[in-house]
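Remarks on the overall topology
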Amino acid sequence: MGELVSKVKDTALDIKMYWRQPKPGEYVPYREVFMLSVGWMALLMSIQWTIGFGVGNQFTGMTLKMNNNELLVMSYVCTAIGYLTTPLNAYIIDNLRSSDGKYRVYMKLCIPSMILTVVSLWLPYETVRDSGRYGRYFMIAMLFLIGQVQGYIQGWVNTGVTNMVHVMTPNTQERTNIMAITSIIYSMGYTINNVYVPLMVDVLSDNGDKYNMRYFRGTYTPVALLMPIVLLAYFGTRERLVLPKSRITKMSFSNSMRAVAGNKIFWIKCADGWNDFLEGAKGNIWEWMVYRAHIMKSTTYGLLNTISYNANFWGMLFSPWFIKKFGKRKIKIFKNTVQIFLIASYFLFYKTSFAAIGLFIVYTIDRFVDTGNVIDSAIESDMRDNQQYLIGERIDGAFGFIQSYASGVIGAVTGLFIPWVYRRKGFDGNDYSVLDVYKNYDESKPRSQQTLNPDCVLYSLMDTLLKISIVGAAVDVLPWFAYDISETGQKSMIRVIRIRTLIEDRKSGKRDEATYIEGCEAIMKARKYIDEEPVEVPHHSTVSAARAMPKNTDEEKEKRLEAIKQAKQAIEDARTHNEEIEIAQFVMRELNRFSTEFGKKQYELCKMICDGGAEHFFDKDKEIIGFAHSLPESDIKEEKMWRKQEIKNAKMLESSKRLAAQCYPDGVTYDPEKADRAYDLPDDTKENAKIRRQAMKEASSEQNIYSAYAAPYLTAQRTLELYEGYNNLDELIEDYDKTVAERRARHDAEREEQEKLAAERRLDRERYLAEKKMGKRK
C-alpha cells in the first residue's frame, strides 16, 4: 500500500512540476495533453450524430423507413463521392501551408460543424416524406445533401483532433504515454454517452421504442452543442514534426501514392480493417437483445454498458506498459486471438436467462483487451515515421487516400454480404417486426406473460452472424505476424531523421534550436555506445527480493521502498544501455551508408544530376536513367527502397526537361524567399488582407511549379548534402555546447522570472486575505 501511495504522490508531483514545461528528454507538458484530451472528449460526444446509409441504420432505416435497397444505393453514391473528395483531402493534408500547423487548422471548423449538425437534426424529414407521391425521394435527397455537407465538415474536425497526437512529439514512448492519457480522459465522453443515450430512450420514448424523431432530436441536439469545446485543443496544443526548416519541395500526388503503396505496415493495418465486415457482424447483438428481445430495460442497459465500457479505461491505462514490455506485434496477436474465444462464448448463454449477465461479462473482457485507441494510434504514428525514414518525406494524407479507395472497392463488394445474410435468414430490410421476439410488447408485464412472435428470425440470424464473426476474428490474427517495427527500431529511425534534418538545415540559416540539439545528441550517443558491450539485465527476482524485505517500522519501510526503486532502476539501466547499443548500430550504419558499394554508386548518380546545376541537371537524362538502372541490387531493406527511388527520380528528369521548356524558356527565375515574404505581409485592413492573399497565391503557384520542375535535382542535392554532412560530423556538432549553454541560460532566466511573478502573486493573495480578515473584524 505504501508503494502505491508513493507512486500516486510521485505522479501528482510530476504533473505539478511539468504542467507548463515538458520533462527533461520529452517534448509535451501535461497542460497540452489535458487540453487535447478535453477537446477530444467533447468531439467524441458531439459527433455521435451523423447521417448514414448503412443497412439497418437506426435513423435512416429504422426511423425514416428507408428499405435496404435504398440504403445500399445511397451508400454506393456516398462511396463514389468519397472517391472524388479523398484525393483532394489527401492533397490538402500533405500540402496545406498554415501557421496553425498540419492538423490544428482543421479544429477551427468545429463551429460550422456544430451548426450543420443541429440543422441536420431538425429538418422536417417525415413531413417531406409524407407530402406526396415523390415525397419519399425528396426526403432521401434532403438526407443525402445535408448528410454529405455535415459529414464532410465534421470529418475535418475529427481529422484535426485525432491526428494531433501523431505530431505532438517524435518520441514514440512519450507519444504512447500521451495516447494512453488522452484515451483515458476522452473515453469519459463514451462513458457519459453510454449512460445518457439509453436514459434518453426511457425519457423520450414509449415502451422503449427509440425509433422516432422526438428521441433523436431531444438526445443529440444537446451534445452537438458541445462541439466548440474542441477549441481548447486548438488553443492549447502545438505541433512538433521533425522536418527540415529549409525544405521547399512538395510530394506530388503520384509520388505520394507510389510511396505509400510500398509501405508494408500500411497494408498490414488495412488488412486488419478490411475483414471488419466479418468480425463486426456481431456488432448489433447486445442492442438487439435489449430493444428486440427485451432482456433488460434501456436504463439498465445504459448502466451495464457504461460499467463494461470502463474496462477499456484499464486497458488504455496499462497500454504504455504493455507496449514497452511486449511490443505492439505481440499485443495485436494476443488481442485478436482472445476475441475468437470471446465471440464463441456467446453461444453458451445468449438464448438463456443468463443472457444479460453473460453479455455484460463478455463485453467487459472484450473491451479490456481491445486497447485499439492506444495501440492502433501508436502503430499509425510508427508507420508514418517509417515512411519518412525510408523516403525522406513526411506523408500523411496519401495514407488516407489509398485506404479510402481500397477500402471503398472492397467495401462495395463486402457491403453486400451482410444484407445477403439478412435476406437468407428472413430479414429483407423492409419489415423490422421479424426481429421482434414478442408481439406488441408491453413493458408493464414480465416477459413470461408476453406473446411470442412466430415470425421472429432474430436468434437464427444471430447464430449465423456469430459464426461469421468467429471466422473474421481468426482472419484478423494473420496480418500481424508480418509486423516488424520494434520499439527500439522506431527510436532508431527517429534519431536518423533528426540527423538528416540537422544536416539539411545547417546551411539554410533556418536551424531550429531543439532540432539541432537533438540531432547532435543522436550523433554523440551513437559514437558513445557503438563500441560498448551489452550487459546482463538483472533478473526480476531482485525486485521480488526487495519487496520481501521487512516493513515493520518506518525505517524498514523506507529502506524497502528504496531497495525496490534501486532494483527496478538497475533493470531499467541495463535495458536502456543495451537498447542504446542497438540504436547506435542502426545510426552508425546510416552514417556509414556511403561507404558501401550501393552508397558509392548512389553518390555518383546524384553527383551526375547535380553537376548540371539547377538549369541543366536534366541534360544527360538518358545516361542518368541508364546509370540508375545499373545500381547494385541489395538484400538490405533500405537499399532496396533507395534503389527504387533513384530510378524513379532519374525518370523524372524527362518531365523536368518538358517543364523547363514550358515554364522557364528564358531560364529559371524562382525566388525561394518569395513565399515567406508574402506570408509576412500585413493583413490589418481589408485591402492589405486582399494583397496578402494574392501574393501568397502567386508565391504558392510559383513554388508548386518549381517544386515539380526541380524535384529530381533537389532530391539528388539532399543526398549529396547527407554525404557531405556524414563526412563532416565534427564540424556539424561543434556548436552543441554553446547552443545548450545558451538554451540553459535562457531557461534559467525564464524560470527566475516565473518564480518572481509567482512570489508577487503569492504576496498579493496574502495581502488580499489579510485585508479581508481585517474587514470582517471591523
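**Some remarks on the overall build of the chain**
For the chain, the helix and strand inventory stands at 34 helices and two strands. Counting all 778 residues of the chain, 49% fall into the buried class. Residue pairs at least 24 apart in sequence account for 79% of intrachain contacts in the chain once pairs closer than 6 positions are excluded.

**Section: a nonpolar patch on the surface**
On the surface, a nonpolar cluster with roughly 380 Å² of combined accessible area is contributed by Trp314, Leu317, Phe318 and Phe368. In terms of residues, the nonpolar patch owes the most to one element, helix α16 (residues 311-326), which gives three residues. Here Phe368 lies in helix α18 (residues 355-369). By relative accessible area, which is 34% here, Phe368 ends up partly exposed.

**What to know about helix α29 (residues 621-629)**
Those residues of α29 that sit buried are Asp621, Ile624, Ile625, Phe627 and Ala628. One side of α29 carries all its buried residues, which in axial view fall inside an arc of 160°. Packing partners of the buried residues in α29 comprise α27 (597-610) and α30 (637-663).

**Describing the nonpolar core**
Residues Phe53, Tyr125, Leu143, Trp288, Met289 and Leu359 are the most contacted members of the largest nonpolar core, which totals 155 residues. With 12 residues, the single largest contributor to this core is helix α7 (residues 135-167). In this structure, Tyr125 is in contact with Ile51, Phe59, Leu64, Ser120, Met139, Met142, Leu143, Ile146, Met213 and Arg217, ignoring residues within four places of it in sequence. Ile609, Phe617, Ile624 and Trp642 belong to the second largest nonpolar core, which has 28 residues in total.

**Observations concerning the state of the cysteines**
Inspection of every chain in the model, using the stated rule, returns zero disulfides. Here Cys606 stays unpaired: no disulfide links it, and the sulfur of Cys610, its closest cysteine neighbor, is 6.6 Å away. With relative accessibility at 15%, the residue Cys610 sits in the buried group.

**A closer look at the packing of helix α15 (residues 298-309) against α16**
Where α15 meets α16, the axes come as close as 4 Å, and the angle between the chain directions of the two elements is 10°. One element, α15, and the other, α16, form an angle in the roughly parallel class. Listed contacts from α16 to Ile307, Ser308 and Tyr309 of α15 are Ala311, Asn312 and Phe313. Each residue belonging to the contact of α15 with α16 can be placed in one class, and the counts come to four nonpolar, two polar and no charged.

**Structural notes on the side chain of Thr221**
Turning to its location among the elements, Thr221 is positioned in helix α9 (residues 213-224). Here Thr221 is in contact with Leu121, Trp122 and Phe216, once residues within four sequence places are set aside.

**Description of the packing of aromatic side chains**
Two aromatic rings are characterised by how far apart their centres lie and by the angle between their planes. Applying the stated criterion across every chain yields a total of 33 aromatic pairs. Positioned above the aromatic ring of Trp642, the side-chain terminus of Arg593 is 3.8 Å from the ring centre.

**Some words on the side chain of Ser46**
Looking at where Ser46 falls in the secondary structure, it is placed in helix α2 (residues 30-46). Classification of Ser46 as buried rests on a relative accessible area of 2%. In this structure the side chain of Ser46 is engaged in a polar contact, spanning 2.9 Å, whose partner is the backbone oxygen of Ala42. One polar contact links the side chain of Ser46 to the main-chain carbonyl oxygen of Leu43, over a distance of 3.1 Å. Not counting the four nearest positions on each side in its chain, Ser46 is found in contact with Gln154, Val223, Ala224 and Met227.

**Describing the environment of Asp484**
Examined against the element boundaries, Asp484 turns out to sit in the loop between α22 (458-477) and α23 (487-505). Exposure remark for Asp484: the relative accessible area of 44% places this residue in the partly exposed category. With 156 residues separating them in the primary sequence, Asp484 and Lys328 have C-alpha atoms 9.6 Å apart. A polar contact is formed between the side chain of Asp484 and the side chain of Lys264, at a distance of 2.8 Å.

**Quick word on a negative patch on the surface**
Taken together, the side chains of Asp202, Asp206, Asp209 and Glu443 make up a negatively charged region of the molecular surface. Of note, Asp206 is situated in the loop between α8 (172-204) and α9.

**Considerations on unusual backbone geometry**
Residue Lys65 is not a glycine yet carries a positive backbone phi of 65°. Looking at the secondary structure, you find Lys65 in the loop between α3 (58-63) and α4 (68-95). Assessed through its relative accessible area of 47%, Lys65 is described here as partly exposed. A positive phi angle, close to 55°, is found at His294, a residue other than glycine. Classification of His294 as buried rests on a relative accessible area of 15%.

**A short note on α22**
With 20 residues, α22 should cover 28 Å at 1.5 Å per step; its first-to-last C-alpha distance of 29 Å lies within 8% of that length. Looking at α22, one finds that the buried residues are Leu458, Leu461, Met462, Asp463, Leu465, Leu466, Ile468, Ser469, Gly472, Ala473, Asp476 and Val477.

**So, the packing of α27 against helix α32 (residues 686-726)**
Closest axis-to-axis distance for the α27/α32 pair is 9 Å, and the angle between their directions is 130°. Relative to α32, α27 is oriented oblique. Where α27 crosses over α32, the two elements pack in a sense that is left-handed. For the pair α27 and α32, contact is made by Gln602, Tyr603, Cys606, Lys607, Ile609 and Cys610 and by Pro712, Tyr713, Ala716, Gln717, Thr719, Leu720 and Tyr723, respectively. Residue composition of the contact of α27 with α32, grouped by class: nine nonpolar, three polar and one charged.

**A few points about the confidence of the model for the chain**
Residues at a pLDDT of 70 or more form 89% of the chain, whose mean pLDDT is 82. Mean pLDDT across the elements of the chain bottoms out in helix α11 (residues 253-261) (63) and peaks in α27 (93).

**Some words on the pattern of salt bridges**
For the structure on display, the rule yields 20 salt bridges. Linking Lys328 and Asp382 is a salt bridge whose minimum nitrogen-to-oxygen distance equals 2.7 Å. Of the two residues, Lys328 is situated in helix α17 (residues 328-344) and Asp382 in helix α19 (residues 372-391); the sequence distance between them amounts to 54 residues. A residue is classified by how much of its surface remains accessible, and Asp382, at 0% relative accessible area, is buried. Salt-bridge contacts for Glu590 lead to Arg593; the nearest nitrogen and oxygen are separated by 3.2 Å. For Glu590, a relative accessible area of 3% puts it in the buried group. Each of the salt bridges in this network shares a partner with another, and the network as a whole consists of Lys328, Asp382 and Glu487.

Calculation criteria
Residues numbered from 1 in each chain as written. Predicted model: local features only at pLDDT ≥ 70, side-chain atom pairs only at ≥ 80, totals over all residues. Heavy atoms only, no water. Helix = DSSP H or I, 4+ residues; strand = E, 2+ residues; numbered from the N terminus. Buried < 20%, exposed > 50% of the residue type's maximum accessible area, 1.4 Å probe, protein only. Contact = heavy atoms within 4.5 Å. Patch = residues over 30% accessible without salt bridge, like charges linked within 9 Å, V, L, I, M, F, W, Y side chains within 5 Å. Areas by Shrake-Rupley, 256 points an atom, 1.4 Å probe, with all protein chains shown as cover. Salt bridge = Lys/Arg side-chain N within 4 Å of Asp/Glu carboxyl O. Arc of directions from axis to C-beta. Core = buried A, V, L, I, M, F, W, Y, C linked by side-chain atoms within 4.5 Å. Disulfide = S-S within 2.5 Å. Axes fitted to C-alpha atoms, helices over the stretch in contact; angles between N-to-C directions. Parallel < 35°, antiparallel > 145°, perpendicular 65-115°, else oblique. Nonpolar A, V, L, I, M, F, W, Y, C, P; charged D, E, K, R; others polar. Phe/Tyr/Trp six-rings, centres within 6.5 Å; stacked < 30°, edge-to-face > 60°. Lys NZ or Arg CZ within 6 Å of the ring centre and 35° of its normal. Polar contact = N/O pair within 3.5 Å; in protein donor to acceptor, adjacent residues only side chain to side chain. Lys, Arg positive; Asp, Glu negative; His and termini not counted. Charge placed at Lys NZ, Arg CZ, Asp CG, Glu CD. Expected span 1.5 Å × (residues − 1). Left-handed = near helix turned anticlockwise from the far one by under 90°. pLDDT = per-residue confidence, 0-100.

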